[in-house]
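# Understanding the architecture of this molecule
Below, each chain spelled out in residue letters.
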Amino acid sequence: MSRVLAALLVAVLLAGCGSGTRIRDFLENTYERTEIVGDASVYASPDPVGTTTEAIVDAVPPAERQADGGNEYLRYDDDIVIVSAAPGGSSVRVEDLDGRYRGGFFAFLGPGFRPGSPVGTGGGGGPGDVK
């Protein structure tokens with residue numbers, strides 16, 4: 001009986017964790033961190049962009065995903081992950097959505113990346129809808 005309660009407690013705790021926490025934990029446990037700049041962390045992956053992106057998406061599914069110019073962009077509730085080509089593999093950058101995102105920097109990626117896009121959907125919404 002105590003095993004069932006322990007498993008239930010773990011499930012409840014995991015459900016309460018935001019995807020931002022999970023994505024940052026996954027990146028920290030999977031890749032080598034090479035840089036910290038403010039609230040952003042950069043990691044190195046020995047794999048190409050496509051393979052690295054698929055590993056991240058399989059582990060922690062994003063709310064939105066978009067590719068542009070060889071980069072992959074993954075939006076989570078509180079973070080954005082950018083996977084780019086780098087010598088010997090790829091670079092993975094994770095940063096809070098607050099700064100450049102809310103200012104419209106990623107609007108060129110389309111629905112789900114525009115300021116005001118509702119979390120977890122691919123379009124619409126007005127100012128203040130982003131979590």
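Quick note: structure is the one above.
Residues numbered from 1 in each chain as written. Predicted model: local features only at pLDDT ≥ 70, side-chain atom pairs only at ≥ 80, totals over all residues. Heavy atoms only, no water.

Before going further, it helps to spend a moment on the sheet that holds strand E1 (residues 32–37). Spatially, six strands are ordered E1-E2-E6-E5-E4-E3 in an open sheet, and the strand pairing comes out antiparallel. Edge positions in the sheet fall to E1 and strand E3 (64–68), since each of these pairs with one other strand and no more. Neighbour-to-neighbour, the strand axes of this sheet turn through a mean angle of 20°, independent of strand direction. Pairing of strand E2 (residues 40–45) with strand E6 (residues 89–96) involves five bridges; the strand directions are antiparallel. In the sheet register, Ala44 faces E6, and the bridge partner there is Ser91. Along the sheet, helix H3 (residues 49–59) contacts E2, E3, strand E4 (71–75), strand E5 (79–86) and E6; its crossing angle with E5, the most-contacted strand, is approximately 155°. (Pairing = 2+ DSSP bridges. Helix = DSSP H or I, 4+ residues; strand = E, 2+ residues; numbered from the N terminus. Axes fitted to C-alpha atoms, helices over the stretch in contact; angles between N-to-C directions. Contact = heavy atoms within 4.5 Å.)

Mapping Gly50 onto the fold places it in helix H3. Judged by relative accessible area, which is 41%, Gly50 ranks as partly exposed. Along the sequence, Gly50 and Ser84 sit 34 residues apart, while their C-alpha atoms lie 9.4 Å from each other. (Buried < 20%, exposed > 50% of the residue type's maximum accessible area, 1.4 Å probe, protein only.)

What follows is about the pairing of E4. A regular strand carries its side chains on alternate faces of the sheet. For E4, a buried count of four out of five residues is recorded, marking the element as mostly surrounded by other parts of the structure. Judged from the five bridges that link them, E3 and E4 form a sheet pairing that is antiparallel. Counted as the bridge partner of Arg65 is Leu74 from E4. Linking two consecutive strands that pair antiparallel, namely E3 and E4, is a turn of two residues; a positive phi of about 60° is found at Gly69 within it. With four bridges joining them, E4 and E5 adopt antiparallel strand pairing. Residue pairing for E5: Glu72 is matched across the bridge by Val83.

Following the criterion strictly, the structure yields seven salt bridges and no others. Residues Arg24 and Asp96 are paired through a salt bridge, measuring 3.1 Å at the closest nitrogen-oxygen approach. Of this pair, Arg24 sits in helix H2 (residues 19–30) while Asp96 sits in strand E6, placing them 72 residues apart in sequence. Under the relative-accessibility criterion, Arg24 is labelled partly exposed at 22%. (Salt bridge = Lys/Arg side-chain N within 4 Å of Asp/Glu carboxyl O.)

Within a pair of aromatic rings, the relevant descriptors are the distance that separates the centres and the angle that separates the planes. Taken as a whole, this structure holds one aromatic pair when the rule is applied. Ring geometry for Phe26 versus Tyr31: centroids 6.2 Å apart, planes at 85°, classification edge-to-face. Classification of Tyr31 by relative accessible area gives buried; the value is 10%. (Phe/Tyr/Trp six-rings, centres within 6.5 Å; stacked < 30°, edge-to-face > 60°.)

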